[in-house]
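Given next are the chains, with one letter for each unit.
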Amino acid sequence: MTTTAPPGSQRRTEPPTAPADGRRAVLRRIRSGNGFVFVLPFLLVFVLFMVWPIVQGLWMSFTDSSLALRDTSFVGLDNYTEAFGDPDVWSSLGNTVFFTAVSSVPLVLVALAMALLVHSGLAGQWAWRLAFFAPYLLPVTVVTLIWTWLYQPELGLGNQFLDTLGMEPVGWLSDESVAMWSIAALTVWWTVGFNFLLYLAALQSLPTTFDEAAALDGAGAWRRLWSITLPQLRRTTGLVAMLQVLASLKVFDQIYILTKGGPNGSTRPVLEYVYDVGFTGYRLGYASAVSYLFFALIIVVSLVQFRLFRRED
C-alpha cells in the first residue's frame, strides 16, 4: 500500500542561481563591448587628429625645431622666455584683444536686436531670416572679396557715400587707425547671423504667460522687454557672449586675406604672428611656444567667463 506525503511536506528544489547570474554578467560585458566598438572609430580619429597633434606641438615648443634644419635639440623654457620678452607678441596680442572688444559687443547687441525684430511678428519673416542669416553661409574668400570692393579707395561704395556727404575719403584698409574697425565691421556683417539664430530660438521657447500678465496690468512694450524678456534671455546672452569672445580671439582668415596684418602690423593678430614665425621664419619651436601661451590665455578667459555667468545664475 503506497502512501502519499501531504503537499506541505514535499521538498521543493530551487534551480541554481549562480549560472544565471554568470550569464547575465557575460551579457552585460558583451553589451558594453559592443558600445566600445561603436565608439572606437571616433576615438581613433580624435586621437589621431586632436590628441596627437596637441602632444606633438607641446613637445615641439620645448625644442628649437625648424623647417630649415633637420637636427632638433631640447631647449627647455627658452622659447617661452623669449616669447614673454618679444614686443611683437605683445603688439599682436593687443591687436587681438582690441578686435575682440570692438567686434564682440556689436555681435551680441545687433544679434539680439535682429532677433527681437523678427520675433515681433513682422510680415515676411522668412525673408528677414534669410537676409540676416545668409551672409553667415558665405565662405571667407567671398566675404573678403565683397568688402575689398566696398573698401576700395577710389571706386568703393564707402568712399562714394562719404563723397556725397562732402567728406574726405578714408583709407579703410590702409589707415592704421581705421583698418581694424573696418575688419570688425566686416566680421559683424558676416557672422552675426549665427548669434541671431541662437537668440531667435531662445525667444521662441520663452513662456508667454508673464508677458501677457504684464500687458494686462498695463505694462508697455518697452517695459515688458526690459523687465521680462531680457532677464529670461540671460543664459542665452551668456552663451552667445562666451562663444563670441572665443571666436574673436581666434581671428585669422579675414585679416590675413584683407591686410596680411598691415598696415605696419596694426591689424596682425596672434595667430597670424604664429603663422609668420612658423612658416615664414621657419621657427616651428618658437611658434609652438607662442601658440601654447595663447591657448593658455583662451583657457583662462573661458574659465573666467564661465565663473562669472555661473555666479549670475
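Our subject is the structure that appears above.
Everything quoted here is computed from the prediction, not taken from an experiment.

## Let's talk about helix α7 (residues 179-205)
Turning to step 1, where the next piece is worked out: Between its first and last C-alpha, α7 extends 40 Å over 27 residues, near the 39 Å set by a 1.5 Å rise per residue.
Turning to step 2, where the next piece is worked out: At T191, α7 shows its strongest bend, of approximately 45°.

## Points about the packing of aromatic side chains
Turning to step 1, where the next piece is worked out: Inspection of every chain in the model, using the stated rule, returns 17 aromatic pairs.
Turning to step 2, where the next piece is worked out: For the ring pair F62 and F74, a centre distance of 6.4 Å and an interplane angle of 25° mean the geometry is stacked. Of this pair, F62 sits in the loop between α1 (18-60) and α2 (78-84) while F74 sits in the loop between α1 and α2; the two residues are 12 residues apart in sequence, bridging distant segments of the chain.
Turning to step 3, where the next piece is worked out: Residue F62 is classed as partly exposed on the basis of its relative accessible area of 22%.
Turning to step 4, where the next piece is worked out: Measuring from ring centre to ring centre gives 5.7 Å for Y151 and W172, while their planes differ by 25°; the resulting arrangement is stacked. Remark: W172 occurs in the loop between α6 (157-164) and α7 and Y151 occurs in the loop between α5 (140-150) and α6; sequence separation between them is 21 residues. Pair check on accessibility: Y151 and W172 agree, each one buried.
Turning to step 5, where the next piece is worked out: The cationic tip of K260 hangs over the ring face of Y256; the distance from NZ or CZ to the ring centre is 5.3 Å.
Turning to step 6, where the next piece is worked out: Of note, R283 hangs over the ring of Y286, and the distance from its end group to the ring centre comes to 4.5 Å.

## Considering the nonpolar core
Turning to step 1, where the next piece is worked out: Counting residues in hydrophobic clusters, the biggest one holds 18 residues, and the most contacted among them are A115, F196, Y199 and L233.
Turning to step 2, where the next piece is worked out: At the level of elements, α3 (87-119) and α7 are the ones that each hand at least two residues to this core.
Turning to step 3, where the next piece is worked out: In contact with A115, other than residues within four places in its own chain, are F196, Y199, L200 and L203.
Turning to step 4, where the next piece is worked out: Core analysis: the next-biggest nonpolar cluster, separate from the first, contains 17 residues, F99, W190, I255 and L258 among them.

## Structural notes on the packing of α3 against helix α10 (residues 234-249)
Turning to step 1, where the next piece is worked out: Close contact between α3 and α10 brings their axes to 9 Å; oriented N to C, the two are set at 145°. Classified by chirality, the crossing of α10 by α3 is right-handed. Residues T96, F99, T100, S103, S104, L107 and V108 of α3 lie in contact with α10, whose contacting residues are T237, V240, A241, Q244, V245, S248 and L249.

## Details of the side chain of T187
Turning to step 1, where the next piece is worked out: Mapped onto the secondary structure, T187 falls in helix α7.
Turning to step 2, where the next piece is worked out: With sequence-adjacent residues up to four places away left out, T187 is seen in contact with F99, L107, V192 and Q254.

Reading the values: rules and limits
- Residues numbered from 1 in each chain as written.
- Predicted model: local features only at pLDDT ≥ 70, side-chain atom pairs only at ≥ 80, totals over all residues.
- Heavy atoms only, no water.
- Helix = DSSP H or I, 4+ residues; strand = E, 2+ residues; numbered from the N terminus.
- Expected span 1.5 Å × (residues − 1).
- Bend = angle between axes of the 7 residues up to and from the residue.
- Phe/Tyr/Trp six-rings, centres within 6.5 Å; stacked < 30°, edge-to-face > 60°.
- Buried < 20%, exposed > 50% of the residue type's maximum accessible area, 1.4 Å probe, protein only.
- Lys NZ or Arg CZ within 6 Å of the ring centre and 35° of its normal.
- Core = buried A, V, L, I, M, F, W, Y, C linked by side-chain atoms within 4.5 Å.
- Contact = heavy atoms within 4.5 Å.
- Axes fitted to C-alpha atoms, helices over the stretch in contact; angles between N-to-C directions.
- Left-handed = near helix turned anticlockwise from the far one by under 90°.

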